[in-house]
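Below are the chains, spelled out letter by letter.
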Amino acid sequence: MTAPTTDPRPLTGEPVSLDLLNTRWMREGEIADLFAGAFGLTRMEGLALWLESTGLAGRFRADAATLVHLLTAREAIARAVADPADASARSLVDSVLEHGRIRATLTAEGPGERAEFADPSWGPAWTAARDYLGLLATAPDRIRACASESCVLHFHDTSRNGTRRWCSMAVCGNRAKASRHYARTRER
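Keep in mind the model is a prediction, meaning the values are calculated, not measured.

Reading guide: rules and limits
- Residues numbered from 1 in each chain as written.
- Predicted model: local features only at pLDDT ≥ 70, side-chain atom pairs only at ≥ 80, totals over all residues.
- Heavy atoms only, no water.
- Axes fitted to C-alpha atoms, helices over the stretch in contact; angles between N-to-C directions.
- Helix = DSSP H or I, 4+ residues; strand = E, 2+ residues; numbered from the N terminus.
- Parallel < 35°, antiparallel > 145°, perpendicular 65-115°, else oblique.
- Left-handed = near helix turned anticlockwise from the far one by under 90°.
- Contact = heavy atoms within 4.5 Å.
- Nonpolar A, V, L, I, M, F, W, Y, C, P; charged D, E, K, R; others polar.
- Pairing = 2+ DSSP bridges.
- Buried < 20%, exposed > 50% of the residue type's maximum accessible area, 1.4 Å probe, protein only.
- Core = buried A, V, L, I, M, F, W, Y, C linked by side-chain atoms within 4.5 Å.

Visitor: Honestly, the packing of helix α4 (residues 87-97) against helix α5 (residues 123-138) in this entry has me stumped. Any pointers?
Guide: Angle between the axes and distance between the axes are the two parameters that describe a pair of packed helices. It is at 8 Å that the axes of α4 and α5 come closest, and there the two elements cross at 130 degrees. Relative to α5, the element α4 is oriented oblique. Considering only the axes of α4 and α5, their crossing is left-handed. Across the interface between the two elements, V93, V96 and L97 of α4 pack against A125, W126, A129, R130 and L133 of α5. Among the residues forming the contact of α4 with α5, the class breakdown is seven nonpolar, no polar and one charged.

Below, the structure is given as structure tokens:
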């Protein structure tokens with residue numbers, strides 16, 4: 001299956017776990033979902049587009065089982081990001097991680113690792129959950145939700161001082177600045 005070349009999502013290029021969360025976004029006041037069969041894409045085309053955008057397309061297939069597992073991982077990661085203290089969310093992430101493992105290898109370049117899956121359809125979901133663990137291990141305070149109340153996107157704050165607030169300064173940040181400006185001018 002060939003995916004369309006235009007990704008309708010407003011924010012792409014985040015780490016795989018957050019990019020999976022960002023397959024749901026706000027569009028004209030409603031939740032849009034890349035995996036829901038919208039924007040002229042079937043559900044499988046949306047999945048294929050996401051696999052391509054994350055670099056996973058060559059390793060995994062865009063099929064119904066992969067989509068079901070990805071939706072499970074998306075829910076698990078979303079719940080864990082929303083409330084890191086939620087034991088049931090952590091358990092759900094763990095249940096996704098049970099479907100894969102890392103095998104230590106020795107390559108021509110030296111020590112290496114390779115992910116293994118009993119069922120390859122769990123590969124993308126496991127990869128996203130594993131990526132989330134990596135973000136938690138290196139910079140848990142840099143996993144952020146956009147500060148806009150009307151936005152549901154997440155990002156990994158890579159700014160030097162760690163103060164990024166918006167998924168996109170050009171969209172959500174600009175709206176907030178315009179709103180503040182409008183409020184100031186109305187007061188005068």
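Back to the text.
Visitor: In this structure, what is going on with the pairing of strand β1 (residues 24-27)? I would like to understand it.
Guide: Residues in a regular strand project their side chains so that they alternate between the two faces of the sheet. Relative to strand β2 (residues 30-33), β1 runs antiparallel, the two sharing four bridges. Paired with R24 across the bridge in β2 is D33. Counting the residues that bridge the hairpin from β1 to β2 gives two residues, and of these E28 lies at a positive phi of roughly 55 degrees.

Visitor: Looking at this structure, how should I read unusual backbone geometry?
Guide: One can expect most non-glycine residues to show negative phi and most peptide bonds to be in trans. The residue E28 is not glycine, and still its phi comes out positive at about 55 degrees. Under the relative-accessibility criterion, E28 is labelled exposed at 76%.

Visitor: Please explain the pairing of strand β4 (residues 110-116) as it appears in this structure.
Guide: For strand β3 (residues 101-107) and β4, the ladder comprises seven bridges, and the chain directions are antiparallel. Paired with R103 across the strands is R114, a residue of β4. Here β3 folds back onto β4, and the loop between the two strands holds two residues.

Visitor: Would you mind showing me how to read the nonpolar core here?
Guide: Among soluble globular proteins, nonpolar side chains are generally buried collectively. Core analysis: the biggest nonpolar cluster contains 44 residues, and L20, F35, W50 and C167 have the highest contact counts within it. Every element with two or more residues in this core is listed here: α1 (16-21), α2 (43-53), α3 (64-82), α4 and α5. If you tally residues by element for this core, the top one is α3, at seven residues. In contact with W50, not counting residues within four places along its chain, are R9, V16, D19, L20, T23, L34, F35, L56, L70 and P124.

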